[in-house]
Amino acid sequence: MLTGTTTFSVSIGNVNGMGDDEDISNDAGDDISITTITPNPDRGVLVEEATGTWCPWCTRGTVFVEGLTKRYPERFIGVAVHNGDPMTVAEYDDGIGGLIGGYPSSVVERGTDTDPSQLEAPFAIAVQQAPPAQLAVGAVNDGSGQLTVSVRATFLQDVPAGYKLAAILIENGVTGTGSGFNQANAYGGGGNGPMGGFELVGGTIAAADIVYNHVGRALIGGWNGDASSITTAMATGELAIYNFPAYTVGNEINLDNSYLIGVLLDASNKPVNAIEISYDEAIANGEITSTKNVFNHNAVSVFPNPFAETATINVSLESSAKVTVEVI
């Protein structure tokens, strides 16, 4: 289906081979419109949700961030930024606090303050845009709780100086035993309508009965990224690779349930691309150490051209490297 809006109608008949039913007037519905989008293949969109266990309406944010994460896997990159509860990271809370007017709130790539229920429209616009660079993430844990995260940007267009890299550590399945982990719930009892099942429970959800996902655990490189990560203008095809200073992982974080997000920010500190991978995937990737681009885009040939059953791909590299060929 092409990008755009398609209108169609739905009808049902001859159910189980029984022919027309007694009332055929309700066998067809009104026209239905579905709008489709085509995400850019290199694009991930960072969406940050301001939330807190004390906030009774923030269960709405939980429902919509979780739903959009499942609807747009690997594209919708959500982070729950907590305020005033045991999961609060002060630097992260301060950063998002300058962008929002209340709770719950959310921002797509640190833009306009948006209610979580209205996130899909700005996300859909952003995910179709071509990013300045492809991103990759790797990590090394020295076994003593010191985590070194690497982010690589392979630039797809020329960019001026001032771009930066950042990394975010998030965790799923977070639980706690103190009262600070109790979740206030304005939808409890159903008086404020349905909300993803939160209407079926009480106005306060005990800590033992709730699990928190997408919890922002650490800003690695800071809210505005690390200015040392990219120090010059970048040209198409160039690589920027940065190994962030080691981050000490606290005992409260379960790395088995954690994910690392690599972020590219432009010169105005706006995130312009993001990628999320599991902690295990990042460790498997290891530390990204080379800053040399061994690939020359002008030194690739395919012959014969055109070809029928087989072809030879010749790639000229400046040094030994792994090469992935994707056929689309």
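First, a word on scope: everything that follows refers to the structure included in this document. (Residues numbered from 1 in each chain as written. Predicted model: local features only at pLDDT ≥ 70, side-chain atom pairs only at ≥ 80, totals over all residues. Heavy atoms only, no water.)

Examining the overall build of the protein chain
What counts here: Only runs of H or I of at least four residues qualify as helices and only runs of E of at least two qualify as strands under DSSP, and these elements are numbered from the N terminus. Burial classes follow relative accessibility: with a 1.4 Å probe on protein chains only, a residue under 20% of its type's maximum area counts as buried, one over 50% as exposed, and anything between as partly exposed. Any two residues whose heavy atoms approach within 4.5 Å are treated as being in contact. All accessible areas in this document rest on Shrake-Rupley with a 1.4 Å probe, and a residue is counted as covered only by the protein chains that are shown.
Scanning the protein chain from terminus to terminus reveals four helices and 18 strands. The buried share of the protein chain, taken over its 328 residues, is 42%. Within the protein chain, counting contacts between residues at least 6 apart in sequence, those at least 24 apart form 71% of the total. For the protein chain, the exposed surface amounts to about 16,900 Å²; the carbon and sulfur share of it is 50%.

What to know about the environment of Ile-288
Examined against the element boundaries, Ile-288 turns out to sit in the loop between helix H4 (279–285) and strand E17 (295–303). In sequence terms Ile-288 and Ile-241 are 47 residues apart; their C-alpha atoms lie 7.0 Å from each other. Excluding its chain neighbours within four sequence positions, the residues that come into contact with Ile-288 are Ala-136, Val-137, Gly-138, Ser-150, Arg-152, Ile-241 and Asn-243.

Concerning unusual backbone geometry
A cis amide bond links Tyr-103 to the next residue, Pro-104, at an omega of -5°. Within the secondary structure layout, Pro-104 lies in the loop between helix H2 (90–97) and strand E5 (105–108).

Brief notes about H2
Worth spelling out the cut-off: Working definition: the arc comes from the directions between the helix axis and the C-beta atoms, pointing outward to the latter.
When H2 is considered as a whole, its buried residues turn out to be Tyr-92, Asp-93, Gly-95 and Ile-96. Buried positions in H2, seen along its axis, are confined to an arc of 165° and lie on one side of it. The outward face of H2, more than 90 degrees from its buried face, is lined by the exposed residues Ala-90 and Asp-94. Buried positions along H2 lie against strand E3 (45–51), strand E4 (76–82), E5, strand E9 (164–171) and strand E12 (215–220).

Some remarks on the nonpolar core
For clarity, the threshold we go by: Grouping buried Ala, Val, Leu, Ile, Met, Phe, Trp, Tyr and Cys residues that are joined through side-chain atoms within 4.5 Å yields what is termed a nonpolar core.
Of all hydrophobic cores here, the largest spans 30 residues; its most connected members are Val-149, Phe-155, Leu-165, Ile-220, Ile-230, Leu-260 and Leu-264. Mapped onto this core, the elements with two or more residues apiece are strand E7 (133–141), strand E8 (146–155), E9, E12, strand E13 (239–243), strand E15 (258–265), strand E16 (271–278) and H4. Among the elements that make up this core, the one with the highest residue count is E8 (five residues). Excluding residues within four positions of it along the chain, Ile-220 makes contact with Val-149, Ala-166, Ala-167, Leu-169, Phe-244, Tyr-247 and Leu-260. Counting residues in each nonpolar core, the second largest holds 18 residues, with Ile-96, Ile-100, Val-107 and Leu-219 among its members.

Re a nonpolar patch on the surface
So the rule is basically this: Each patch groups residues whose relative accessible area exceeds 30% and which form no salt bridge, using 9 Å between like charges and 5 Å between nonpolar side chains of Val, Leu, Ile, Met, Phe, Trp and Tyr. The term salt bridge refers to a pairing of a side-chain nitrogen on Lys or Arg with a carboxyl oxygen on Asp or Glu at a separation within 4 Å.
Together, Val-300, Val-302, Phe-307, Ile-313, Val-325 and Val-327 line one region of the surface with nonpolar side chains, adding up to about 550 Å² of accessible area. With respect to the helices, strands and loops of the structure, Val-302 is situated in strand E17.

Some words on the pairing of E8
Keep this limit in mind: Here the rule is simple: two strands pair whenever DSSP picks up at least two bridges between them.
Taking burial as the measure, the ten residues of E8 include eight buried ones, the bulk of the element. Pairing of E7 with E8, which is carried by nine bridges, proceeds in the antiparallel orientation. When the sheet's bridge partners are listed, Ala-139 is paired in E8 with Val-149. Between the antiparallel neighbours E7 and E8 lie four residues, among them Gly-143 with a positive phi of about 90°. Relative to strand E14 (residues 247–248), E8 runs antiparallel, the two sharing two bridges.

Concerning the state of the cysteines
Filter applied, for reference: We call a pair of cysteine sulfur atoms a disulfide when they lie within 2.5 Å.
For the structure shown, the criterion picks out one disulfide. Across the disulfide from Cys-55 sits Cys-58; the S-S distance is 2.2 Å. Taking the sign of the S-S torsion, about 85° here, the bridge from Cys-55 to Cys-58 comes out right-handed. With relative accessibility at 1%, the residue Cys-58 sits in the buried group.

A short note on the environment of Glu-199
The condition that has to hold: We define a polar contact as two N or O atoms separated by no more than 3.5 Å, with the added condition that, inside protein, one atom must be a possible hydrogen donor and the other a possible acceptor, whereas residues neighbouring each other in sequence contribute only through side-chain atom pairs.
Here Glu-199 shows up in the loop between strand E10 (183–184) and strand E11 (204–205). Spatially, the C-alpha atoms of Glu-199 and Asn-185 are 8.5 Å apart, while their sequence positions differ by 14 residues. A distance of 3.0 Å separates the side chain of Glu-199 from the backbone nitrogen of Gly-197, its partner in a polar contact.

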